[in-house]
Amino acid sequence: LCPRLCPPPGASKWDVREKVWDYLEASGLADFPRPVHRRIPNFKGSRQACCSIKELDVFDRAREIKVDPDKPLEGVRLAALQARKTLLVPTPRLRTGLFNRIVPPSGATKEILRICATSQGIKEYSVPIGLDGKAQVDLVVVGSVAVSEKGWRIGKGEGYADMEYAMMVSMGAVQADTPVITIVHDCQVVDIAEELLDDHDLTVDYILTPTRTIKTNCKRPKPQGIIWHKVSYEMLEKIPILKSLRHREKQAGKEVALQDEHSDLANANTPAVLNEKAKAENTRPQAAMGSAQIGQHYVESDSLSPRLEGSGMITTVYVGNIPPSVGVSELKCALREFHATPLRLNWQGAQHRAFLDYKDKATAESAVSSLKGLSLGGNTLRVELAKNQRNKG
């Protein structure tokens with residue numbers, strides 16, 4: 001365990017994530033794509049950690065392997081292809097289905113297999129697998145931000161790995177004893193308080209690092225399927241395959257009432273699995289915006305809005321020269337007043353700045369135009385398109 005990263009008592013999942021992301025960057029362990037914040041972080045030594053999967057019996061025996069599309073898992077995807085196993089990769093953010101099967105061209109060279117294991121190769125050499133694709137997954141490999149030696153895992157906070165697993169259970173694609181592996185740097189193995197875990201959280205059976213293979217012997221049960229009362233209508237619209245699964249389970253006589261249909265949950269702090277960040281901060285699930293206070297950083301996002309994940313054309317606006325006397329609520333009021341409310345607001349008060357995400361460049365430019373010359377707390381704010389636009393697709 002990394003002593004510098006062991007979270008203090010009472011730390012939230014978000015505190016743990018921030019600690020790990022900050023440490024990876026500060027210690028020079030972070031690898032492309034960077035910064036690693038808000039991602040399943042890639043790290044120096046990830047290939048070495050991935051290679052050790054070949055020494056596991058569970059890998060040797062597996063015929064069909066599901067591996068997440070994260071960069072640090074590229075080596076596992078390559079190992080699966082080289083061993084001629086069926087490789088399934090979840091579709092990005094589950095927008096178009098659940099899995100893609102990676103099908104290398106016949107007679108593929110080692111170089112082509114390497115390409116097939118990358119995010120570009122996943123796009124070029126994949127065939128979608130529908131609900132009736134009869135997937136039988138023998139091994140699940142997920143990315144993590146942090147994991148404990150007991151097998152308790154923290155992802156990046158959007159809940160996709162948990163949801164993918166729950167959907168696989170509902171489809172009959174995994175069994176209770178299907179092994180789950182995660183690949184992390186040694187410093188990502190930390191103590192995690194059990195009270196941070198929820199019933200939808202996926203646990204892991206093996207942890208592979210550049211120096212160790214840890215068998216967790218985790219006794220905590222994995223999700224038994226989709227917990228429908230934690231799913232909102234918005235999520236159902238965002239993940240079309242959920243609708244099909246819900247219809248199937250309804251036909252089978254299962255209870256499939258959604259979060260929105262449980263009046264007793266309307267004001268409870270039980271948001272949808274994909275909005276776990278908001279849950280950590282006791283945000284009402286019905287609110288359009290989920291927020292998290294992260295030290296001096298404050299993030300507010302319409303995280304369940306389909307628009308946020310639209311075409312990958314989200315454009316960020318930089319707001320600078322914010323005086324110390326101005327709080328995030330004043331900026332939000334101004335944004336509403338000038339009809340420039342973003343999909344996501346990243347408040348960095350200590351640095352006297354904020355970043356606003358808009359659905360496309362035209363909307364962002366319109367916001368810049370509306371906010372030009374805006375004065376708060378005696379300062380004229382600096383408002384412009386952010387210099388470094390991240391690809392959010």
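Sequence positions are assigned chain by chain, starting from 1 and proceeding in written order. Only residues with pLDDT of 70 or above have their local features reported here, since the model is predicted, and side-chain atom pairs are shown and tallied only from 80 upward, although totals for entire chains, interfaces and linings are computed over all residues. Each side-chain value is derived from all of the structure's non-hydrogen atoms; neither hydrogens nor water enter the calculation.

Visitor: Please explain the packing of helix H7 (residues 160-171) against helix H9 (residues 240-251) as it appears in this structure.
Guide: For any two helices packed against each other, one specifies the crossing angle of their axes together with the interaxial distance. Comment: axis = line fitted to C-alpha atoms, over the contacting stretch for helices; angle = value between 0 and 180 degrees taken between N-to-C directions. The way it works is that DSSP assigns letters per residue, a run of H or I at least four long becomes a helix, a run of E at least two long becomes a strand, and they are numbered from the N terminus. Contact pair H7 / H9: the axes reach a minimum separation of 11 Å and the direction vectors enclose 35°. The handedness of the crossing between H7 and H9 comes out as left-handed. In contact with Met163, Met167, Ser170 and Met171 of H7, H9 contributes Ile241, Leu242, Leu245 and Glu249. Grouping the constituent residues of the contact of H7 with H9 by class yields six nonpolar, one polar and one charged. Note: crossing handedness is left-handed where the near helix turns anticlockwise from the far helix by less than a right angle, and right-handed where it turns clockwise. Contacts are residue-level and defined by heavy atoms, with any inter-residue pair within 4.5 Å sufficient. Residues are grouped as follows: Ala, Val, Leu, Ile, Met, Phe, Trp, Tyr, Cys and Pro are nonpolar; Asp, Glu, Lys and Arg are charged; every other residue, Gly included, is polar.

Visitor: Explain the sheet that holds strand E10 (residues 213-215) to me, please; I cannot follow it from the model alone.
Guide: Think of a sheet as strands paired side by side through backbone hydrogen bonds, with each pair either parallel or antiparallel. Two strands form a pair only when DSSP identifies at least two bridges running between them. With mixed pairing, eight strands are arranged side by side in an open sheet as E4-E3-E2-E1-E5-E8-E9-E10. A single partner strand is all that each edge strand has here, and the edge strands are strand E4 (126-129) and E10. Across the sheet, the mean angle separating the axes of adjacent strands is 25° when strand polarity is ignored. Two strands pair when backbone bridges link them, and strand E5 (residues 139-143) and strand E8 (residues 180-183) are joined in this way by four bridges, in the parallel orientation. Looking across to E8, one finds that Val142 is bridged to Thr182.

Visitor: In this structure, what is going on with the environment of Gln48? I would like to understand it.
Guide: Relative to the helices and strands, Gln48 is located in helix H2 (residues 46-51). Considering only alpha carbons, one finds Gln48 and Pro210, 162 residues apart in sequence, at a separation of 5.4 Å. By the criterion applied in these results, polar contacts are pairs of N or O atoms within 3.5 Å in which, for protein atoms, one can donate a hydrogen and the other can accept it, and in which residues neighboring in sequence qualify only through two side-chain atoms. A polar contact of 3.1 Å, which involves the side chain of Gln48, links it to the backbone oxygen of Pro210.

Visitor: What is the right way to read the nonpolar core from this model?
Guide: Nonpolar side chains in soluble globular proteins tend to end up buried together. Ranked by size, the top nonpolar core spans 49 residues in total, and within it Ile53, Leu139, Val141, Ile181 and Ile183 carry the most contacts. At six residues, helix H1 (residues 13-26) tops the list of elements feeding residues into this core. Discounting chain neighbours no more than four positions away, the residues touching Leu139 are Ile53, Val58, Phe59, Ala62, Glu64, Ile65, Lys66, Thr178, Pro179 and Ile181. In plain words, nonpolar cores are sets of buried Ala, Val, Leu, Ile, Met, Phe, Trp, Tyr and Cys residues tied together by side-chain atoms within 4.5 Å. The cut-offs for exposure are 20% and 50% of the maximum accessible area for each residue type, with area from a 1.4 Å probe on protein chains only; residues under the lower value are buried, those over the upper are exposed, and the others partly exposed. In terms of nonpolar packing, the next biggest core, distinct from the first, is built from 39 residues, Tyr160, Ala173, Val231 and Met235 among them.

Visitor: Is there a simple way to think about the environment of Gly378 in this case?
Guide: The residue Gly378 is located in the loop between strand E16 (375-376) and strand E17 (379-380) in this model. Gly378 sits in the exposed class, given a relative accessible area of 70%. Sequence-wise, Gly378 and Ile322 are 56 residues apart; in three dimensions their C-alpha atoms are separated by 9.4 Å.

Visitor: What am I meant to see in the side chain of Thr316 here?
Guide: Of note, Thr316 is situated in strand E13 (residues 315-320). Reaching out from Thr316, the side chain makes a polar contact with the side chain of Asp357 at a distance of 2.7 Å.

Visitor: In this structure, what is going on with the confidence of the model for the protein? I would like to understand it.
Guide: When pLDDT drops low, the exact placement of atoms in the prediction is not to be read closely. Per-residue confidence for the protein gives a mean pLDDT of 82; residues scoring 70 or more make up 83%. For residues 263-296, every residue scores under 50 in pLDDT, and the model assigns this stretch 92 contacts once sequence neighbours within four places are set aside. Every residue is assigned a pLDDT by the predictor, reflecting its confidence on a scale from 0 to 100.

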